[in-house]
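Below, each chain spelled out in residue letters.
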Amino acid sequence: MTRSDLVEELAARFGQLTHRDAEYAVKTILDAMSEALVRGHRIEIRGFGSFSINRRPPRMGRNPRSGESVHIPEKRVPHFKPGKALREAVDKRTREMEEVARG
């Protein structure tokens, strides 16, 4: 699902929302989440999952072309951990779809 798919779904589910309002709502939520992660905050959406920042320590890597060692600096990367309800829902739906596909 892409961002535009999410906007379309939101506009379709809530008839009182115009496409522009749905687009603004999605943008506002994603911007707020991004800003919270940049500030180092953790985001928890019950039943869905949590977003946090993981630290990747500096390390030595290799340039695949020349083979020489290259220093890779420390990075902070976003991390998503699905909640129990999401994991169970995905597992259940995946199993149901596999059973339908088998016949």
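The paragraphs below set out a description of the structure included in this document. For clarity, every value in this text was computed on a predicted model and none was experimentally measured.

## A few points about the overall build of the protein
Right, so step 1: For the protein, the helix and strand inventory stands at three helices and five strands.
Right, so step 2: Reading the protein from its N end, one meets helices and strands in the order α-α-β-β-β-β-β-α.
Right, so step 3: Over its C-alpha trace the protein gives a radius of gyration of 20 Å, far above what one expects of a compact globule, namely 13 Å for 103 residues.
Right, so step 4: Projected onto its principal axes, the C-alpha coordinates of the protein cover approximately 55 × 45 × 30 Å.
Right, so step 5: Within the protein, buried positions represent 15% of all 103 residues.
Right, so step 6: Across the protein, contacts joining residues at least 24 apart in sequence account for 28% of those joining residues at least 6 apart.
Right, so step 7: Surface exposure of the protein reaches about 8800 Å², of which carbon and sulfur atoms provide 54%.
Right, so step 8: The distance from the centre of the 21 positive side-chain charges to the centre of the 15 negative ones in the protein is 8 Å.

## Some remarks on the packing of aromatic side chains
Right, so step 1: All told, the structure shown has two aromatic pairs when counted by the stated rule.
Right, so step 2: Taken together, a centroid distance of 5.4 Å and an interplanar angle of 50 degrees make the contact between Phe 48 and Phe 80 tilted. Placement of the pair is Phe 48 in the loop between strand E1 (43-45) and strand E2 (49-56) and Phe 80 in strand E5 (residues 75-82), with a sequence separation of 32 residues.
Right, so step 3: A relative accessible area of 31% means that Phe 80 is categorised as partly exposed.
Right, so step 4: Ring geometry for Phe 51 versus Phe 80: centroids 4.8 Å apart, planes at 45 degrees, classification tilted. Taken together, the residues span a long stretch of sequence, with Phe 51 in strand E2 and Phe 80 in strand E5 at a distance of 29 residues.

## Comments concerning the pattern of salt bridges
Right, so step 1: Counted by the stated rule, this structure contains ten salt bridges.
Right, so step 2: Ionic pairing is found between Glu 44 and Arg 42, a salt bridge with its closest N-O pair at 3.1 Å.

## Thoughts on the nonpolar core
Right, so step 1: In this structure, Met 33, Ala 36, Leu 37, Ile 43 and Phe 51 together form the largest nonpolar core, which totals five residues.
Right, so step 2: The biggest single contributor to this core is helix H2 (residues 19-38), with three residues.
Right, so step 3: Non-local contacts of Phe 51, meaning those with residues more than four positions away in its chain, are made with Met 33, Leu 37, Arg 42, Ile 43, Ile 45, His 79 and Phe 80.

## Focus: the sheet that holds E5
Right, so step 1: Strands sit in the order E1-E2-E5 across an open sheet of three strands; the sheet is antiparallel. Taken across any chain shown, the strands that pair with only one partner, and hence form the sheet edges, are E1 and E5. Averaged over neighbouring strand pairs, the angle between their axes works out to 25 degrees when direction is ignored.

## Describing a nonpolar patch on the surface
Right, so step 1: Together, Ile 45, Phe 48 and Phe 80 make up a nonpolar patch on the protein surface, roughly 230 Å² of accessible area in all.
Right, so step 2: With respect to the helices, strands and loops of the structure, Ile 45 is situated in strand E1.

Each value, and the rule that gives it
Residues numbered from 1 in each chain as written. Predicted model: local features only at pLDDT ≥ 70, side-chain atom pairs only at ≥ 80, totals over all residues. Heavy atoms only, no water. Helix = DSSP H or I, 4+ residues; strand = E, 2+ residues; numbered from the N terminus. Rg over C-alpha atoms; globule rule 2.2 N^0.38 Å. Buried < 20%, exposed > 50% of the residue type's maximum accessible area, 1.4 Å probe, protein only. Contact = heavy atoms within 4.5 Å. Areas by Shrake-Rupley, 256 points an atom, 1.4 Å probe, with all protein chains shown as cover. Lys, Arg positive; Asp, Glu negative; His and termini not counted. Charge placed at Lys NZ, Arg CZ, Asp CG, Glu CD. Phe/Tyr/Trp six-rings, centres within 6.5 Å; stacked < 30°, edge-to-face > 60°. Salt bridge = Lys/Arg side-chain N within 4 Å of Asp/Glu carboxyl O. Core = buried A, V, L, I, M, F, W, Y, C linked by side-chain atoms within 4.5 Å. Pairing = 2+ DSSP bridges. Axes fitted to C-alpha atoms, helices over the stretch in contact; angles between N-to-C directions. Patch = residues over 30% accessible without salt bridge, like charges linked within 9 Å, V, L, I, M, F, W, Y side chains within 5 Å.

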